[in-house]
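Structural overview
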Amino acid sequence: MNQDEMKQAVAKAAIEYVVPGTIIGVGTGSTANFFIDELASIKGKIEGTVASSVASAERLKGHGIPVFDLNAVDGISVYIDGADESTKHLHLVKGGGGALTREKIVAAASEKFVCIADESKLVDRLGKFPLPVEVIPMARSLVAREIIKKIGGEPVLREGFTTDNGNIILDIHNLDIMDPVKTEEILNDITGVVTNGLFAMKPANTLLLGCQDGVKVIE
């Protein structure tokens, strides 16, 4: 299977984790898009969705799938989304598409987080993929200096990009993340940071990994 076929396979496998009659959370990115397209085939079985980005909300609506504001729902049964990197401990790097803050919010509101990814995303240690950090625009330089001082790496402004929340993203290159939980805490404590793309303090519950010989489940 090629990469797209592996993404398609995990998207189909994730349908089994959808809880009928509930609100589910839906993520952002290429693998999440495959899941949205699969979800259309069972849209009558769920009450609706909460999307982690404007782009995903539009794709869901295009399939006739109801999309609710998070503040309008009492809870979310399961959140299904991709990742840019994952370890076997289900610590993730997310935010390549720039939706990391809303992804983290929807994941926090969900009873379970099922991550879907192809095998290229499984790594021994996080950090090869640049770690996104959403930042209040006026704090860009301050945050960049604090990042270098506290965890190292090379913060680079994502040019020409604004998040759905009206903020900017600094992508931290050249990191070797030995302790994802600690790194997540350090970044979140920097004044001006909205959040960062590490999902380690609250990792995924299940990883569906698309491999050449099928879908592997890691829990």
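You'll find the structure just up there.
My aim in this report is to walk through the structure given alongside it, one point at a time. (Residues numbered from 1 in each chain as written. Predicted model: local features only at pLDDT ≥ 70, side-chain atom pairs only at ≥ 80, totals over all residues. Heavy atoms only, no water.)

**Considering the packing of helix α2 (residues 30-39) against helix α3 (residues 54-62)**
Look at α2 against α3: their axes get within 9 Å of each other, and the N-to-C directions meet at 25°. Taken as axis vectors, α2 and α3 run roughly parallel relative to one another. The element α2 and its partner α3 pack so that their crossing is right-handed. Residues N33, I36, D37 and L39 of α2 lie in contact with α3, whose contacting residues are S56, R59 and L60. For the contact of α2 with α3, the class distribution of residues is three nonpolar, two polar and two charged. (Axes fitted to C-alpha atoms, helices over the stretch in contact; angles between N-to-C directions. Helix = DSSP H or I, 4+ residues; strand = E, 2+ residues; numbered from the N terminus. Parallel < 35°, antiparallel > 145°, perpendicular 65-115°, else oblique. Left-handed = near helix turned anticlockwise from the far one by under 90°. Contact = heavy atoms within 4.5 Å. Nonpolar A, V, L, I, M, F, W, Y, C, P; charged D, E, K, R; others polar.)

**Considerations on the nonpolar core**
Judged by nonpolar contacts, the single largest core of 23 residues is most densely connected at V18, I24, F35, L39, I80 and I116. For this core, the secondary-structure elements that each account for two or more residues are α1 (3-14), β1 (23-26), α2, α3 and β6 (113-118). Of the residues forming this core, the biggest block, four residues, is contributed by α2. The residues touching F35, leaving out its near neighbours within four places in the chain, are A11, A14, I15, V18, I24, V26, I80 and I116. Within the second largest apolar cluster, 19 residues are counted, among which are I76, L92, F199 and C211. (Core = buried A, V, L, I, M, F, W, Y, C linked by side-chain atoms within 4.5 Å. Buried < 20%, exposed > 50% of the residue type's maximum accessible area, 1.4 Å probe, protein only.)

**Overview of the sheet that holds strand β3 (residues 79-81)**
The strand order across the open sheet formed by six strands is β2-β1-β3-β6-β12-β13, and the pairing between neighbours is mixed. Looking at the sheet topology across the chains shown, the edges are occupied by β2 (48-51) and β13 (214-218). For this sheet, the mean angle separating the axes of adjacent strands, direction not counted, is 25°. In this sheet, β3 lies alongside β1 in parallel orientation, the contact comprising two bridges. Its bridge partner lying in β3, V26 is registered against I80. Each of β1, β2, β3 and β6 is contacted by α2, which is oriented at about 150° to β1, the strand it contacts most. (Pairing = 2+ DSSP bridges.)

**Section: the state of the cysteines**
Counted by the stated rule, this structure contains zero disulfides. Note on C115: no disulfide assigned, nearest cysteine sulfur contributed by C211 at a separation of 13 Å. Judged by relative accessible area, C115 falls into the buried class, the value being 0%. (Disulfide = S-S within 2.5 Å.)

**Describing the packing of aromatic side chains**
For the coordinates displayed, the defined rule picks out two aromatic pairs. Each ring, one from Y79 and one from F113, has its centre 5.1 Å from the other, and the planes form 45°; the classification is tilted. Of the two residues, Y79 is situated in strand β3 and F113 in strand β6; the sequence distance between them amounts to 34 residues. Taken individually, Y79 and F113 each receive the classification buried, so the pair is uniform in this respect. Here a set of aromatic residues connected by ring pairs shows up, and it is made of Y79, F113 and F199. For the cation-ring pair, K104 lies above F199, with the distance from its terminal atom to the ring centre recorded as 5.1 Å. (Phe/Tyr/Trp six-rings, centres within 6.5 Å; stacked < 30°, edge-to-face > 60°. Lys NZ or Arg CZ within 6 Å of the ring centre and 35° of its normal.)

**Regarding the packing of α1 against α2**
Axis separation between α1 and α2 bottoms out at 8 Å; the angle between their running directions is 50°. The pairing of α1 with α2 is recorded here as oblique in orientation. Crossing of α1 over α2 shows right-handed handedness. Seen from α1, the contacting residues are D4, K7, Q8, V10, A11, K12 and A14; seen from α2, they are S30, T31, F34, F35 and E38.

**Re unusual backbone geometry**
Its identity as a non-glycine residue notwithstanding, L90 has a phi of 70°, on the positive side. Tracing the sequence through the fold places L90 in the loop between β4 (85-86) and β5 (92-93). Here N174, not a glycine, exhibits a phi torsion of approximately 60°, which is positive. The topology assignment puts N174 in the loop between β9 (168-173) and α6 (180-188). Relative accessible area serves as the criterion here: at 63%, N174 is assigned to the exposed category.

Don't take any of this as a statement about function, it's just geometry.
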